[in-house]
Amino acid sequence: MRKRAVVAGGGVVGLTTGLALRRAGFETLVCEQESEIRGVGAALGLWANALAVFDRLGVGGEIRAAGVPSAIRYQDPAGQVMDEYYGDLADVDYLMVTRQRLNELLAAALTTDELRTGARVTGYRDHDGGVTVEFADGSTEEADLLVGADGVYSRVREQLSPGSAAQEYPGHLAWRGIVAESAIPEITVERFVVGRERTRGGVVRSGGGTAFWVLAQLGAPPTTRSAKEEALARVDHLYDGGCRSRCAKPSRRHRRTAWSATA
């Protein structure tokens, strides 16, 4: 008799776990609390080890087609490449893809019997025969295995390990977003700027006519304004006058559209 597994959470981890458990011979059910599969966040880079896993799960080809191959180079605000400091990371191949598209492809690889939306896991009960999974609507599911992949505020983790709530990383702030590739100057080189005031930022293509931007700061003071205002206040840390001749510095209009952009 096949063993049964329930996965709480329909994000990248939960969907991937569901596919892996199915490949391992489990009857699998992935439960997502939202009414549809969404990609929370902006985009992410998949390195060779992640792509190898997706290949084994049978979805590597579709994911590669949805993303954009890239290889980051690091530069200072004046546009000078910083290989002497970041040479071990320079030109490392990876694939940029939006979280929304990645989640859609992973969900499509599951059958309708293996994926349930609008199903919020609220707890579980262990017993000798396995585990009884409890849902917000009062229903339950019996399984041999429960995997908690239900995010930062995981109810499964909270019950399994009381007092292990997610911890804020003080002083490390990041702003991310997806914009239409046409909204920013042409991206000719994938660059990540190591800026002043311990800022980092850049823009890369993320597939489907979109671009992913990120701006981060270490040792940042507490925020007092909106996310957009906080990001715009730090954009100029990524540039100086010398950058004009070496990389495409976006206009103020483009920077307000994308919040942060660099080529």
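Residues numbered from 1 in each chain as written. Predicted model: local features only at pLDDT ≥ 70, side-chain atom pairs only at ≥ 80, totals over all residues. Heavy atoms only, no water.

Enquirer: Explain the overall build of the protein to me, using residue names and the numbers behind them.
Expert: Assigned secondary structure in the protein consists of 8 helices and 15 strands. Residues counted as buried form 44% of the 263 residues belonging to the protein. Counted over contacts in the protein with a minimum sequence separation of 6, partners at least 24 positions apart contribute 63%. (Helix = DSSP H or I, 4+ residues; strand = E, 2+ residues; numbered from the N terminus. Buried < 20%, exposed > 50% of the residue type's maximum accessible area, 1.4 Å probe, protein only. Contact = heavy atoms within 4.5 Å.)

Enquirer: Explain the sheet that holds strand β10 (residues 140-143) to me, and be specific about the residues and the numbers.
Expert: As summarised here, the arrangement of the 3 strands in space is β8-β9-β10, forming an open sheet in which the pairing is antiparallel. Each edge of the open sheet is held by one strand with a lone partner, namely β8 (121-127) and β10. The average undirected angle you get between the axes of adjacent strands in this sheet is 20°. Where strand β9 (residues 130-135) lies against β10, 4 bridges are found, and the strand directions are antiparallel. Directly across from Val131, in β10, lies its bridge partner Ala143. (Pairing = 2+ DSSP bridges. Axes fitted to C-alpha atoms, helices over the stretch in contact; angles between N-to-C directions.)

Enquirer: So what's going on with the packing of aromatic side chains? Residues and values would help.
Expert: Inspection of every chain in the model, using the stated rule, returns 1 aromatic pair. Seen in terms of ring centroids, Tyr74 and Phe192 are 5.7 Å apart; in terms of plane orientation they differ by 70°. Their pairing is edge-to-face. Here Tyr74, found in strand β5 (residues 73-75), pairs with Phe192, found in strand β13 (residues 191-194); they are 118 residues apart in sequence, far enough to count as distant. Side by side, Tyr74 and Phe192 carry an identical accessibility label, which is buried. (Phe/Tyr/Trp six-rings, centres within 6.5 Å; stacked < 30°, edge-to-face > 60°.)

Enquirer: Lay out the sheet that holds strand β3 (residues 43-46) in plain terms, naming residues and giving numbers.
Expert: An order of β3-β6-β4 is seen for the 3 strands of this open sheet, with the pairing classed as antiparallel. Because the sheet does not close on itself, it has two edges, and the strands there are β3 and β4 (68-71). The sheet shows a mean angle of 35° between the axes of neighbouring strands, taken without regard to direction. Across the sheet, helix α5 (residues 99-108) is in contact with β3 and β6 (93-98); its angle to β6 comes to roughly 85°.

Enquirer: Tell me what's going on with helix α1 (residues 12-23), and back it up with residues and numbers.
Expert: Between its terminal C-alpha atoms α1 stretches 17 Å, which fits the 16 Å expected from 12 residues at 1.5 Å a residue. Gly25 lies just past α1 and shows a positive phi near 105°. (Expected span 1.5 Å × (residues − 1).)

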